[in-house]
Amino acid sequence: MSSLTPYLLTADVGGTNSRMGLYCIDSTEPLAVKYYRNEDCLTQKEDGIFEKNVIIPFLRHCWESNSSNLKPLEEVEIIGCLAIAGPVRSNVSWMSNLHNIEIDGSAIAEHTHVKNDLYLERIKVCKIINDFVAQGYGCLTLKPDEMVELKHGSFDKMDCEGPKVCIGAGTGLGECFLTPDSQGRYTCYPSEGGHVEWAPRNELEIELWNYLRDKFSYRNRLSVERIVSGPGLANVYEFLAFKYPDRIDPKVHAEFEKETDMKAKVVAMNTKEGSLCLQAMEIMMGAYGSEAGSSAIKFIPTGGLFVTGGLTPKNIKFIEGQDSPFMKAYNDKGRVKPILEYVPAFAVLTEDLGVRGAHKCAVHEYETYLNDVEQKRKRN
């Protein structure tokens, strides 16, 4: 066994923010948490930019502001798990919505890009997972009071051996699914389901499809994420303002135009009856519900379908209830609608699932690390 004191380093790196956490090995409560805005820290594609601008500053913050509760740096080893908003291959993720920045877990653990840094040298293992894989693992930690039923009787219908699906809108649209092994332990699998084609469902949405297809210079397709996400909500409002200029609220529209990455917040904060903002929210939520229903009939997740992401708890009134825009579209599945009666469906009210999932994976990586160290000791 190592004589060093282990700590777990976690990150939930989304399209807008990076949330860093440091944990004792036997606790789910973080010793330190800090948020970083990606537009301030991750401004360009550069080798090691995440280490230089996020990991090292965070670890320095931990030891400089919390030193009385932490072992001296030279007496510790750090096991990291970073959940990144991007596809992952060979322990490397590329942030497709952020300059295609590369985050390489092996390079972080081997200090390839940043050498001779006292903080980075304490990292012994760094696992990279997709941010929505972390959301999926986070769903395994949910308590009943952290979610609401979208279909009546969902808690009673849950099959402890059934597959699970997680779908959540925020800066983008994430999707993943989980299946159990023979011992009931779930493994989460990544998906880029948010980038499948969006299908308009009425004449107005056909006009929206054409408008956004031209905006993004697509010839034959438009992804669901262009509608179902924070930026997607802004896209829908922009279209409605173009189509109905006489309905524009000048004050709201000026605020919308002034914003850059917070346009969706302007729309969400101004959903008054009869407004373009309310209409935009209803269209977006209808598309969200339709995609969630499509996931339900694709996977038949008898273990539960979980609607997560930052937009869910903030806009729950548009999601829960059988007359909500979300649930109307969710249930509108024609001949296969009866399948949905077998699927327990929930809206998740907590926003820290990615952090929980990254922590769960970090614990697993530490156990694997200990086993590898022990096997190496025996061979020697």
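Small disclaimer: the values here were computed from a predicted structure and weren't measured.

> Any chance you could break down the environment of Phe256 for me, citing the residues and the numbers?
Residue placement: Phe256 occurs in helix α8 (residues 250-258). Put simply, Phe256 and Val266 are 10 residues apart on the chain and 5.9 Å apart in space, counted from C-alpha to C-alpha. Contacts of Phe256, omitting those with residues within four sequence positions, involve Ala234, Tyr237, Lys263, Val266 and Val267.

> How would you explain the packing of aromatic side chains if you had to name every residue and give the values?
Scanning all chains against the criterion turns up 11 aromatic pairs. Aromatic pair Tyr7 and Trp63: ring centres 5.8 Å apart, planes at 85°, arrangement edge-to-face. Of this pair, Tyr7 sits in strand β1 (residues 5-13) while Trp63 sits in helix α2 (residues 49-65), and the two are 56 residues apart along the sequence. Classification of Tyr7 as buried rests on a relative accessible area of 3%. Relative accessible area serves as the criterion here: at 9%, Trp63 is assigned to the buried category. Centroid distance Phe177 to Tyr189: 5.3 Å. Interplanar angle 20°. Geometry classified as stacked. Within this pair, whereas Phe177 is found in strand β11 (residues 173-180), its partner Tyr189 is found in strand β12 (residues 186-191), the two being separated by 12 residues in sequence. Among the residues examined, Phe177 registers a relative accessible area of 23% and is labelled partly exposed.

Definitions and cut-offs
All residue numbers refer to positions counted from 1 along the written sequence of the respective chain. In keeping with the model being predicted, local features are shown solely for residues with a pLDDT of at least 70 and side-chain atom pairs are shown and tallied solely at 80 or more, while totals for entire chains, interfaces and linings include all residues. Note that water and hydrogens are dropped before the side-chain values are worked out from all heavy atoms of the structure. Secondary structure counts use DSSP, requiring at least four H or I residues in a row for a helix and at least two E residues in a row for a strand, with both numbered from the N terminus. The contact criterion used throughout is that any non-hydrogen atoms of two residues lie within 4.5 Å. Two aromatic rings, drawn from Phe, Tyr or Trp (for Trp, its six-membered ring), form a pair once their centres lie within 6.5 Å of each other, and the interplanar angle then sorts them: stacked below 30 degrees, edge-to-face above 60, tilted otherwise. When a residue's accessible area, from a 1.4 Å probe over protein chains only, is under 20% of the maximum for its type it is buried; when over 50% it is exposed; and in between it is partly exposed.

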